[in-house]
Amino acid sequence: MTGAPGDAPGSVLGGVLAIAVAQGHGVVLDETGAVVVPPAPLAALVEQVRALEASRRPRWVWWRARETARPLVEAGVHLARCWDVGEVHRLLAGGAAADPGSAWAWTHRLDPGAQPVASEPDLFAFGTDVPAQDPEALTTPEGYLRPDAVASTWQAAPQAGPHRLVDWARAALHVARAQQALVTEAPQPGSAGGSRRDPRRLLGTALSESAAALLCVELEVGGLPVDRQAVTELITAAAGPRPRDEAEAIGIRARRDQAVLAHVPGRERTDLRNPLQVKDLLATVGVHVDNTRKWTLAAHRGSHPVVEALLTWRKAERIATTYGWHWLDQHVGPDDRLRGEWTACDGGAGRMTAASGLHNLPAELRPAVAAASGHVLVRADLGQIEPRVLAAVARDAAFAEATQADDLYSPVGTELGVERPVAKVAVLAAMYGQTSGSAGEALKRLDRAYPTAMAYLHRAYDAGVRGDPVVTWGGRLVPMWQGELSEGQRSARGRFARNAVIQGAAAELFKAWAATVRAGGRPLGAEIVLCLHDELLVHVPAEHADAAVALVHRSLDEAARRWTGTDRVRFVADVSVVRRWSEAKG
DNA sequence: GATTTCACGTA
DNA sequence: CGTACGTGAAATCC
């Protein structure tokens, strides 16, 4: 394993430059902590960073991409490689915390729960939670990083503020070094489930998670291209025309409601947005349900016309409230790009998250996601990612053999002596714990045919039931919630743990893939515009479409080999060139 | 005003 | 007793 793309072997943190940005200023230090770029206003810093990127191609070390890289990305600077202290902290410590104080505390083996709390920076220069002390001190007497370390100095002494950035960058470098030492020493906090943290894999994950953090900043700044004309038509169809004022909005809403209420004379005053009232309403027409959820109502479609009307209303109401005019105005910029906040890693198993509806855009609206003129979207879906990941992380040779097929459920079915759909249900049941289907007999055969893969899942489940943390293939610690739990709750924790080692590992491979595409797409002008768990959307000039398709495939091979450490498990991507996201679903 | 519940979209 | 996420409206808690 050689880490992120472009790395020379053995030069993990070599060629490091530490950078910090705050209050419109920034500094750059070399790996010894010596000042390379003294405190400078942002505009000047941007030019220096651009030059350093070109001449040294460093690995940039920063506390968090969101604060440090964002202004650089906004200025159009491309940064190839980084070490994101916050993201590496998430990987090593588990959980969602990625702030400097937590990372500092963890590498200094301090209890993160006892950290001083940040005070409001605009009230007093020094909050009551930070003991009065040397205002220049970066840490509290207990050894914690002062949460107001930079902001307070700036407020107390504006002239001294920029110089304080040097200390701040030096602290980031210090923590990054400590993290790297811990990574390469491969500590094993919680070796539950038989999992140990392999130093080389952990290092590779640290680099690809860092790359993902930077990619998230680029996704936020760049946004997702949208066809305004198309999205306007789609919203109009679902939510009605854009209201000119509040009165018109109320009228449109009332007309939408009326389509349902017309079916139930005498109950026109029912609030359709109140589940209890809807339940009452249904009871009066002889439809008795425990809840008013879509799949519950769907079973009563034939009972009364109001049910169908209600289901139609729900769909329209969904678009109107969540993806309507307000959403369009709020999240789609004048440049026709849909923007939302991105997180490289959630608090659980490690998937990327996105706000502004980027990760749950209804299929109806997807035709509106379209390439800008002269461009195309290269759409790439990983096929059957989770069972393939299972084969890799469990090191199951027999199951790995099945991944050679484009459709791995076919050879698995043959091996089990069952039809392909039965094999699929059995594999999914094994990974997710589904029991509603009748996978019983096939599950037993699965245990006999692929004992290594199944044992991996059983171990994770058992660890979860016990409350022990699990560790993903790439080395992410996934803590379990604690406390006195009922048997049912312990089982739920077991299912969570079993899911976490698969979903989390898939997320790691995905991010390694995305980072590789990002690096390789640079000469093509290719821009990753959406990451959706197992799907990538790449926006690229039309003349480079074929090259981008090849890049996506090649990057998957590279990332998979690097991440799995073997070429015996095959990963496949369905890749198509489209103008609109809705086209050519794989 | 903040948190919980219900509902539903995506993978 | 699949898992996870983000969002909005209403109910509920303080």
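A brief structural summary. (Residues numbered from 1 in each chain as written. Chains lettered and ligands numbered in written order. Predicted model: local features only at pLDDT ≥ 70, side-chain atom pairs only at ≥ 80, totals over all residues. Heavy atoms only, no water.)

1. Description of the protein's contact with DNA strand B
Close contacts around DNA strand B come from 17 residues, with Lys294, Arg314, Asn360, Arg366 and Asp534 the closest. Close to the protein, within 4 Å, the atoms of DNA strand B are drawn from sugar and phosphate at a rate of 83%. A distance of 2.9 Å is found between a sugar or linking oxygen of DNA strand B and a side-chain nitrogen or oxygen belonging to Arg366. (Near = heavy atom within 4 Å. Polar contact = N/O pair within 3.5 Å; in protein donor to acceptor, adjacent residues only side chain to side chain.)

2. What to know about the packing of helix H16 (residues 409-416) against helix H17 (residues 420-432)
The N-to-C vectors of H16 and H17 enclose an angle of 95 degrees; their axes lie 8 Å apart at closest approach. Put simply, H16 runs roughly perpendicular to H17. Within the contact between the two elements, H16 uses Tyr409, Ser410, Val412 and Gly413 and H17 uses Arg420, Ala423, Lys424, Val427 and Leu428. Grouping the amino acids of the contact of H16 with H17 by side-chain chemistry returns five nonpolar, two polar and two charged. (Axes fitted to C-alpha atoms, helices over the stretch in contact; angles between N-to-C directions. Helix = DSSP H or I, 4+ residues; strand = E, 2+ residues; numbered from the N terminus. Parallel < 35°, antiparallel > 145°, perpendicular 65-115°, else oblique. Contact = heavy atoms within 4.5 Å. Nonpolar A, V, L, I, M, F, W, Y, C, P; charged D, E, K, R; others polar.)

3. Considerations on the pattern of salt bridges
Close approach of charged atoms allows side chains with opposite charge to pair. Tallying each qualifying case throughout the model produces 26 salt bridges. Two residues, Asp227 and Arg580, come together in a salt bridge whose shortest N-O distance is 2.9 Å. Of this pair, Asp227 sits in the loop between strand E6 (224-225) and helix H8 (228-239) while Arg580 sits in the segment after strand E15 (572-578), and the two are 353 residues apart along the sequence. Across the pair Arg570 and Asp406 runs a salt bridge, and its minimum N-O distance is 2.8 Å. Taken together, the positions of Arg570 in the loop between helix H21 (545-564) and E15 and Asp406 in the loop between helix H15 (397-402) and H16 put the pair 164 residues apart, joining distant regions of the chain. Its relative accessible area of 59% is what places Asp406 among the exposed residues. Several salt bridges converge on common partners, so that one network encompasses Arg66, Arg70, Glu74 and Glu220. (Salt bridge = Lys/Arg side-chain N within 4 Å of Asp/Glu carboxyl O. Buried < 20%, exposed > 50% of the residue type's maximum accessible area, 1.4 Å probe, protein only.)

4. Side note on unusual backbone geometry
We note that Arg57 has phi near 45 degrees; this positive angle belongs to a residue other than glycine. Positionally, Arg57 belongs in the loop between helix H1 (42-56) and strand E4 (59-62). By relative accessible area, Arg57 is classed as partly exposed at 42%. Despite not being glycine, Arg395 has its phi angle at roughly 55 degrees, a positive value. Within the secondary structure layout, Arg395 lies in the loop between helix H14 (385-394) and H15. Using a relative accessible area of 41% as the deciding quantity, one classes Arg395 as partly exposed.

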